[in-house]
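# Structural characterization, general
Here is what each chain is made of, one letter per residue.
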Amino acid sequence: MIWHFDYGPVRYFQMARTFLGRAIYWTGVYWVDGLLLDSGPPNLAREVRRLCEELAVRQCVTTHHHEDHSGNHTLLREQFRITPLAHATGVARIAKPESQPQLYRRVAWGVPTPAQAEVIGESLDTPNFHFQVIHTPGHAEDHIALYEPDRQWLFTGDLYLAPKLRYLRADEDIYAMLDSLRRVIALDPVVLFCQHRGRVENATAMLRRKLDFLVELGEHIHHLHRQGLAEGAIARALPGSDLFWRIWTGGHFSKRNFVQAFLRVPKNKGRSQQRSHSQV
Ligand SMILES: [Zn+2]
């Protein structure tokens, strides 16, 4: 199933595999001025091929290696002679994807085939636009966002998703995500384009809301941890329910992942440099 949204020169294709006529998990790709942002999940290859035949796709950038974003890179290369561009840390992951992703990922998106990508530079041009490439790790180490300074557009991949999250993926780095959010907020984008949500107005304010929410959540988790609560008890004390997502993803998405991520020593930091809760 593909829905098509026109945002002026930017087109959004929201797509999902369906079960009994209902979408299992929405994701999406953008097309702007011949540039395809992400290639969609492997189980929607037929739809993505048709889309590429209808659009004048000249180049492709992948925001990160997850299969719902890079799942049709082989198709692009073999049938359209386009080698997608990715952050340097994503090229090897795209070339050797996980062979046994969790069941929910196989059901929702399918299993990706190894694909070739090339390392993206610091910027990228289309005939009418200029994009700055911003490395925004956190959701994934190789995650990038594209910023168009004249239009103040920010293509956020999976960096934004929502101002409040009820769960985190097990492999996300929350401290890197906070840092990435701060850096894209400093760009002062007006509009953001989220791969799962479509266009979001008031981009800087919405990104700020997400950052503030996560900082508060981290402070709350550290507060409960200092009081001696165990991880499970802290997770249960956090607002909202993650029950559906925890069961559906076998625990890959959960509130407990938030607890573990915030209590983890930030990468490249010694224990002596571990951030206090006030610095989250
Ligand atoms: Zn992702």
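Here we summarise the structure given alongside this text. Please read all numbers here as calculations on a predicted model, not as lab measurements.

Positive phi outside glycine occurs at Arg81, with the angle close to 55 degrees. Within the secondary structure layout, Arg81 lies in the loop between α3 (73-80) and β8 (85-86). Arg81 gets classed as exposed once you look at its relative accessible area, which sits at 78%. Look at Asp188: it is not a glycine, yet its phi comes out positive at around 60 degrees. Accessibility expressed as a relative area gives 44% for Asp188, which makes it partly exposed.

What follows deals with the coordination of the zinc ion. In ideal tetrahedral geometry, four donors around a metal make angles of 109.5 degrees, whereas ideal octahedral geometry with six donors gives angles of 90 or 180 degrees. His64 (NE2), His66 (ND1), His139 (NE2) and Asp158 (OD) make up the full set of protein donors to the zinc ion, lying at 2.1 to 2.3 Å. One way to put it: the four donor atoms around the zinc ion meet at angles of 87 to 179 degrees, and that makes the site irregular. Sequence positions of the donors to the zinc ion reduce to the motif H-x1-H-x72-H-x18-D. Note that His66 is positioned in the loop between β7 (59-61) and α2 (67-70) and Asp158 in the loop between β13 (153-157) and β14 (168-169), a separation of 92 residues in sequence.

Attention shifts here to the environment of Val265. Mapping Val265 onto the fold places it in the segment after α10 (255-263). When the C-alpha positions of Val265 and His252 are compared, they lie 20 Å apart, and in sequence the two are 13 residues distant.

Another aspect to go through is helix α7 (residues 203-226). For the α-helix, the turn length of 3.6 residues means that residues three or four positions removed from each other point alike. Across its 24 residues, α7 extends 35 Å between first and last C-alpha, which sits within 8% of the 34 Å expected from 1.5 Å per residue. Gly228 sits one or two residues past α7 and shows a positive phi near 95 degrees.

Inspection of the entire model under this criterion finds ten salt bridges. Between Arg11 and Asp6 there is a salt bridge whose closest N-O contact spans 3.4 Å. Linking Glu98 and Arg105 is a salt bridge whose minimum nitrogen-to-oxygen distance equals 3.1 Å. Taking the relative accessible area as the measure of exposure, Arg105 reaches 3% and is therefore buried. Overlapping salt bridges, with partners in common, bring together Glu67, Glu98 and Arg105 in one network.

Under the definition given, this model contains 17 aromatic pairs. With a centroid separation of 4.7 Å and an interplanar angle of 20 degrees, the aromatic rings of Phe155 and Phe193 are classed as stacked. Of this pair, Phe155 sits in strand β13 while Phe193 sits in strand β15 (residues 191-194); the two residues are 38 residues apart in sequence, bridging distant segments of the chain. Across the pair, Phe193 and Phe155 agree in class, each one buried. Through pairs of rings, three or more aromatic residues link up here, namely Phe5, Tyr7, Tyr12, Tyr30, Phe129, Phe131, Trp153, Phe155 and Phe193. Against the face of Trp31 rests Arg11, its NZ or CZ located 5.5 Å from the ring centre.

This next bit is on the packing of helix α1 (residues 45-54) against α3. For the pair α1 and α3, interaxial distance at closest approach is 11 Å and the crossing angle is 45 degrees. By the angle between their axes, α1 is oblique relative to α3. When the axes of α1 and α3 are compared, the crossing they make is right-handed. In this structure, α1 contributes Ala45, Arg49, Cys52 and Glu53 to the contact, and α3 contributes Leu75, Leu76, Gln79 and Phe80. Across the contact of α1 with α3, the residue classes break down as five nonpolar, one polar and two charged.

How each quantity is defined
Counting from 1, residues in each chain are numbered in the order their sequence is written. Given that this is a predicted model, residues contribute local features only at a pLDDT of at least 70 and side-chain atom pairs are listed and counted only at 80 or more, while totals for whole chains, interfaces and linings are drawn from all residues. Calculation of side-chain values draws on the structure's entire complement of heavy atoms; hydrogens and water are dropped beforehand. Numbered from the N terminus, helices here are DSSP runs of H or I no shorter than four residues, and strands are runs of E no shorter than two. The classification of residues rests on relative accessible area computed with a 1.4 Å probe and restricted to protein chains. Under 20% of the type maximum is buried, over 50% is exposed, and intermediate values are partly exposed. Note: metal donors comprise N, O and S atoms at 2.8 Å or less from the metal (3.2 Å for Na, K and Ca); water molecules are not included, so apparent gaps in a site are possible. Between 85 and 135 degrees for all angles marks four donors as tetrahedral; over 155 degrees for opposite donors together with 65 to 115 for all other angles marks four donors as square planar and six as octahedral; every other arrangement is irregular. Each residue after the first adds 1.5 Å to the expected span of a helix. Each reported salt bridge corresponds to a side-chain nitrogen of Lys or Arg within 4 Å of a carboxyl oxygen of Asp or Glu. Ring geometry is summarised as follows: Phe, Tyr and Trp rings, the Trp one being its six-membered ring, pair when their centres sit within 6.5 Å, and such pairs are stacked at plane angles under 30 degrees, edge-to-face over 60 and tilted between the two. Charge-over-ring contacts are defined here by two conditions on Lys NZ or Arg CZ: a distance within 6 Å of the ring centre and an angle within 35 degrees of the ring normal. Angular values range over 0 to 180 degrees, each being the angle between N-to-C directions of two axes fitted as lines to C-alpha atoms, with helices fitted over their stretch in contact. Roughly parallel covers angles under 35 degrees, roughly antiparallel covers those over 145, roughly perpendicular covers 65 to 115, and oblique covers all other angles. Crossings are sorted by hand: turned counterclockwise from the far helix by less than a right angle, the near helix makes the crossing left-handed, and turned clockwise it makes it right-handed. By definition in these notes, contact holds between two residues if any of their heavy atoms fall within 4.5 Å. In this classification, Asp, Glu, Lys and Arg are treated as charged, Ala, Val, Leu, Ile, Met, Phe, Trp, Tyr, Cys and Pro as nonpolar, and every other residue, Gly included, as polar.

Everything listed is a geometric property; what it means functionally is a separate question.
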